[in-house]
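# Observations on chain architecture
Here's the letter readout for the chains.
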Number of protein chains: 2
Amino acid sequence: MPREAFVNGRYVPHAQAAVHIEDRGYQFADGIYEVVTLHNGALIDEELHLDRLERSLGELRIAMPMSRAAMKLVARETIRRNGVSNGIIYMQITRGVAPRDHKFPHKTCPALVMTTRQMKPHSAKLLAEGAKVVTVPDIRWSRCDIKSISLLPNVLAKQAAAEEGAYEAWQVDADGFVTEGSSTNAWIVTGDGKVVTRAAGHEILNGITRISLIKLIESQGYTLEERSFSLDEARVAKEAFITSSTSFVLPVTQIDDTPVGNGHPGILTGKLRRHYFDFMTSAGDPI
Amino acid sequence: MPREAFVNGRYVPHAQAAVHIEDRGYQFADGIYEVVTLHNGALIDEELHLDRLERSLGELRIAMPMSRAAMKLVARETIRRNGVSNGIIYMQITRGVAPRDHKFPHKTCPALVMTTRQMKPHSAKLLAEGAKVVTVPDIRWSRCDIKSISLLPNVLAKQAAAEEGAYEAWQVDADGFVTEGSSTNAWIVTGDGKVVTRAAGHEILNGITRISLIKLIESQGYTLEERSFSLDEARVAKEAFITSSTSFVLPVTQIDDTPVGNGHPGILTGKLRRHYFDFMTSAGDPI
């Protein structure tokens, strides 16, 4: 099945999927995106992703390129044409094409791109050993709550991780507190079993997996604290993990050179991962 | 003469100039750019722009897409094909096309786009009245010295200016000091005639017009101070102006609701603008 992308109203072969050089996404990073998980043929938390997509657009005053209902239809048709059952659908919206000028153009149609791809489950090795994270200073802008394509600092952070053989980089603010990973939210479990993750604000992206896991933590009767935690606290935590639409709930067993807890994936983390998979299996929106 | 762009090795009609949706410039703002002035058929400070281009690429570890000599030839051919004599040439380089993944791809060819366009001189009204600037908090990342296409905060700042009928927005750091405009450097002239602009560092882009004007200020015997100045100091300055490859040296006569000096373009600013035009006329590199 040849891969196809949706680009500004048409389904096109992936290799020929192109946008104009003056699309403001290309010249100004003037756009936003979402990544939605496809689990056993069902979209996970699609409505929450579209809520956030609309919020990001609203913060940048970019119009929806089509109605929400139409977006959902296009997502489904893109998935159908590519025969994807487990993986992701990627949606990107930019302010559209206009002669290069920083300020918003007077008249422009928002650009919409969707792609989808099958993804493999995490390797048994990664799940057995847990992920390593490195830490880097958080050098990003002050509006990380907007899921913008202005991702250069995230790219540099992820590359720093890759060069250390790590899965992710945790970004640390000027006060020594962990903000989040380059494409994941950061969590720890304290010695007395409390699950801690930074409160949503301008400093982090409020992950959809984060939101759903918070609900699961509460419904399962675990104790949650939404607060900042320092790198020092993380280093002596009992467990640690990360969440995202492609990481789900993934144990972290090493922070820089320090093993987390006993160096093995945490027991509570394992439970939360299973709860999250149960949630995906039961709550997904079949397409 | 139909407009043409250079895109990844080919000269193409502007309307059809396109890049792949997985060009990392489009998905990650993973690229850099330069804007070089074309004044009376000559490129202004081309070598300094290419120095900075190479520096930006080096900071991001993106390879040059072709030799510097080849870049210069392509720039000239792009200008020739478009018949531009006064305006700009825009050069953008990204890390290239690769399946979406934050970290650097193992193998990818940097993408190169060049466009050029004729520009009109500033209006007599703007030069007679001077420019208004508004002020906004500087919300950008910590590596503004890299001329990256990760420009979303700059877009928002320029839009804030446009909505107030202003030419530019001066960004102000957490300590109350002006960093720079959204696409220009910021300058003041103190009551005792010293020209002040922020020292180059990670907080600002070291403008090429800034660099050349500093040389002119020194060669003309004026007093220069490269240091941070606060918004409070700017409000009581004798004169103010901005510099960039398209603004040259442009007087600022209003900061938010406060007139600068007597509310008219400053005398020293006018002299510096004339010196800069003399410099462009004599020092440009004919193509």
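Going by the structure above, here's the rest.
An account of the accompanying structure is given in this report. (Residues numbered from 1 in each chain as written. Chains lettered and ligands numbered in written order. Predicted model: local features only at pLDDT ≥ 70, side-chain atom pairs only at ≥ 80, totals over all residues. Heavy atoms only, no water.)

### Points about the packing of helix 2 (residues 46-60) of chain B against helix 3 (residues 68-82) of chain B
Two numbers describe a pair of packed helices, the interaxial angle and the distance between the axes. Residues and elements named next belong to chain B. Running from amino to carboxyl end, helix 2 crosses helix 3 at an angle of 125°, the nearest separation of the two axes being 12 Å. Here helix 3 runs oblique to helix 2, going by the angle between their axes. When you trace helix 2 past helix 3, the crossing you get is right-handed. Contacts between helix 2 and helix 3 pair Glu-46, Glu-47, Leu-50, Asp-51, Leu-53 and Glu-54 from the former with Arg-68, Met-71, Lys-72 and Arg-76 from the latter. Of the residues assigned to the contact of helix 2 with helix 3, the class counts are three nonpolar, no polar and seven charged. (Axes fitted to C-alpha atoms, helices over the stretch in contact; angles between N-to-C directions. Helix = DSSP H or I, 4+ residues; strand = E, 2+ residues; numbered from the N terminus. Parallel < 35°, antiparallel > 145°, perpendicular 65-115°, else oblique. Left-handed = near helix turned anticlockwise from the far one by under 90°. Contact = heavy atoms within 4.5 Å. Nonpolar A, V, L, I, M, F, W, Y, C, P; charged D, E, K, R; others polar.)

### Some points on helix 2 (residues 46-60) of chain A
Residues and elements named next belong to chain A. Taking 1.5 Å as the rise per residue, helix 2 with 15 residues should run 21 Å; its terminal C-alpha atoms sit 21 Å apart, in good agreement. For helix 2, the complete set of buried residues consists of Glu-46, His-49, Leu-50, Arg-52, Leu-53, Ser-56, Leu-57 and Leu-60. Seen end-on, helix 2 carries its buried residues on one side only, within an arc spanning 160°. Of the residues one or two after helix 2, Arg-61 is the one with positive phi, at around 55°. (Expected span 1.5 Å × (residues − 1). Buried < 20%, exposed > 50% of the residue type's maximum accessible area, 1.4 Å probe, protein only. Arc of directions from axis to C-beta.)

### Focus: the pattern of salt bridges
Residues and elements named next belong to chain A. Considering all chains together, one arrives at 54 salt bridges over all chains under this definition. The partner of Glu-129 in a salt bridge is Lys-125, and the shortest N-O contact between them spans 3.3 Å. Of the two residues, Glu-129 and Lys-125 both sit in helix 4 (residues 124-129), four residues apart, roughly one turn of that helix. Looking at Glu-129, the relative accessible area reads 44%, which means it is partly exposed. Classification of Lys-125 by relative accessible area gives exposed; the value is 55%. One salt-bridge network, held together by shared partners, links Glu-47, Asp-51, Glu-54, Arg-68 and Lys-72. (Salt bridge = Lys/Arg side-chain N within 4 Å of Asp/Glu carboxyl O.)

The values are spatial; any link to function lies outside them.
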